Amino acid sequence: MCKSSAQDVDHPPSIACLGVIGRNNNPLHISIFNSYDPSTNLFRPVRTPLQFSLLLSSTLDIFELRSRAHAAQGTGLTGDFGLLHAVDEKLAAYGFETNTGVKFVVVVDMRGRRASTAAAGVGEDGKKSSAVGTTGVGLREGEMRVVFKAMQAAYIRLMQNPFYDPDEHSPLTGPGKKITSRRFGEEMRKIGEGWVPGVTSL
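Criteria and cut-off values
Residues numbered from 1 in each chain as written. Predicted model: local features only at pLDDT ≥ 70, side-chain atom pairs only at ≥ 80, totals over all residues. Heavy atoms only, no water. Buried < 20%, exposed > 50% of the residue type's maximum accessible area, 1.4 Å probe, protein only. Helix = DSSP H or I, 4+ residues; strand = E, 2+ residues; numbered from the N terminus. Pairing = 2+ DSSP bridges. Expected span 1.5 Å × (residues − 1). Contact = heavy atoms within 4.5 Å. Axes fitted to C-alpha atoms, helices over the stretch in contact; angles between N-to-C directions. Parallel < 35°, antiparallel > 145°, perpendicular 65-115°, else oblique. Nonpolar A, V, L, I, M, F, W, Y, C, P; charged D, E, K, R; others polar. Phe/Tyr/Trp six-rings, centres within 6.5 Å; stacked < 30°, edge-to-face > 60°. Salt bridge = Lys/Arg side-chain N within 4 Å of Asp/Glu carboxyl O.

- Named according to an unreviewed UniProt entry, the protein chain is Trafficking protein particle complex subunit 2-like protein originating from Podospora pseudoanserina.

### Details of the pairing of strand S6 (residues 91–97)
Residues in a regular strand point their side chains to alternate faces of the sheet.
And then number 1: Extensive coverage of S6 is indicated by the burial of 7 of its 7 residues.
And then number 2: Burial along S6 is two-sided: Leu91, Ala93, Gly95 and Glu97 and Ala92, Tyr94 and Phe96, pointing in opposite directions, are all buried.
And then number 3: The sheet contact formed by strand S5 (residues 79–86) and S6 spans 6 bridges and is antiparallel. Of the residues in S6, the one forming a bridge with Gly79 is Glu97.
And then number 4: Between S5 and S6, which pair antiparallel in sequence order, lie 4 residues.
And then number 5: Two strands pair when backbone bridges link them, and S6 and strand S7 (residues 103–109) are joined in this way by 7 bridges, in the antiparallel orientation. Note that in S7 the partner of Ala93 across the bridge is Val107.
And then number 6: Hairpin connection between S6 and S7: a loop of 5 residues separates the two successive antiparallel strands, and Gly101 in this loop has a positive phi of roughly 90°.

### What to know about helix H1 (residues 49–72)
And then number 1: If you check H1, its first and last C-alpha atoms are 36 Å apart, about what 24 residues at 1.5 Å a residue would give, namely 34 Å.
And then number 2: When we look at burial in H1, the residues that qualify are Phe52, Leu55, Leu56, Thr59, Leu60, Ile62 and Phe63.
And then number 3: Residues of H1 that are buried in the fold lie against strand S1 (14–21), strand S2 (27–32), S5, S6 and S7.

### Topic: the packing of helix H2 (residues 145–159) against helix H4 (residues 182–194)
And then number 1: In the contact formed by H2 and H4, the axes pass within 10 Å of each other and the chain directions differ by 170°. The angle between H2 and H4 places the two elements in the roughly antiparallel class. Here Val147, Ala150, Met151, Ala154, Tyr155, Arg157 and Leu158 of H2 lie close against H4, whose contacting residues are Arg183, Phe184, Glu187, Met188 and Ile191.
And then number 2: When its residues are assigned to classes, the contact of H2 with H4 shows 9 nonpolar, no polar and 3 charged.

### With respect to the packing of aromatic side chains
And then number 1: Evaluation of the coordinates by the stated rule reveals 5 aromatic pairs.
And then number 2: Pairwise contacts between aromatic rings join Phe96, Phe104, Phe148 and Tyr155 into one cluster.

### So, the pattern of salt bridges
And then number 1: Applying the stated criterion to the full structure yields 6 salt bridges.
And then number 2: Measuring nitrogen to oxygen at the nearest pair gives 2.5 Å for the salt bridge that ties Asp88 to Arg47. One end of the pair, Asp88, is in the loop between S5 and S6; the other, Arg47, is in the loop between strand S4 (42–44) and H1, and 41 residues separate them in sequence.
And then number 3: Ionic pairing is found between Asp80 and Arg145, a salt bridge with its closest N-O pair at 3.4 Å.

What follows is the structure in C-alpha cells.
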C-alpha cells in the first residue's frame, strides 16, 4: 500500500494522469488531470505534458523486467501489475497489460484533488466551491483494478470501431499514430475525474 507522508485528510488520492501505450511501446494516448496545489490554493496539473510523457516511458522498463522475471519462472504475467514505482512523495504509477501487449498506466497524486471549503474553498476550475472533500486514505491492494477495467472496456469499444486500425497505431517501425477518437478521450476523462479510493465502478 502506497501512502503519502504528508497527505491531508481533506485531499483523498486522485488520478493525475492516464496513459495508453501500444504493444510496441509507442505512446497512444495521455490524459492529464488537475490536482490541488496547497502552495497556490489552485487546481492544476502536477507535471507538464512532457514530464508525464517521460514518466510513462520510464514505466516500460519495469513492465519488461517483471515480464522477464515471470517468464524465467515459467509463469506468464499479464493483467494487473500493481504498483510500478513511487515517483516521489506525491506521485505513484500503477500498470496493467492486456493479453495483446497494450499497456495502461495510471499515475496517482497521493495529495489528492478535492479540498474542503475550510481548507481551500475552491473548485477544480479554480473558482469558489461549496464541495466538501472526503477523508483521505492510502491505496489498498487492487485499488486500481476498477480503473484498469474501465480503461480496458473503453479500449475494446475503440477496437470495435471499423475505422480504427490497430496496426496503424502500433507499427513495427516508426512512432505510429496516436488515438484521436473524441469518444475515447471523453471516456478517459470520465474515468480520471470519477475515480476516488473505494469506488467500485466507473
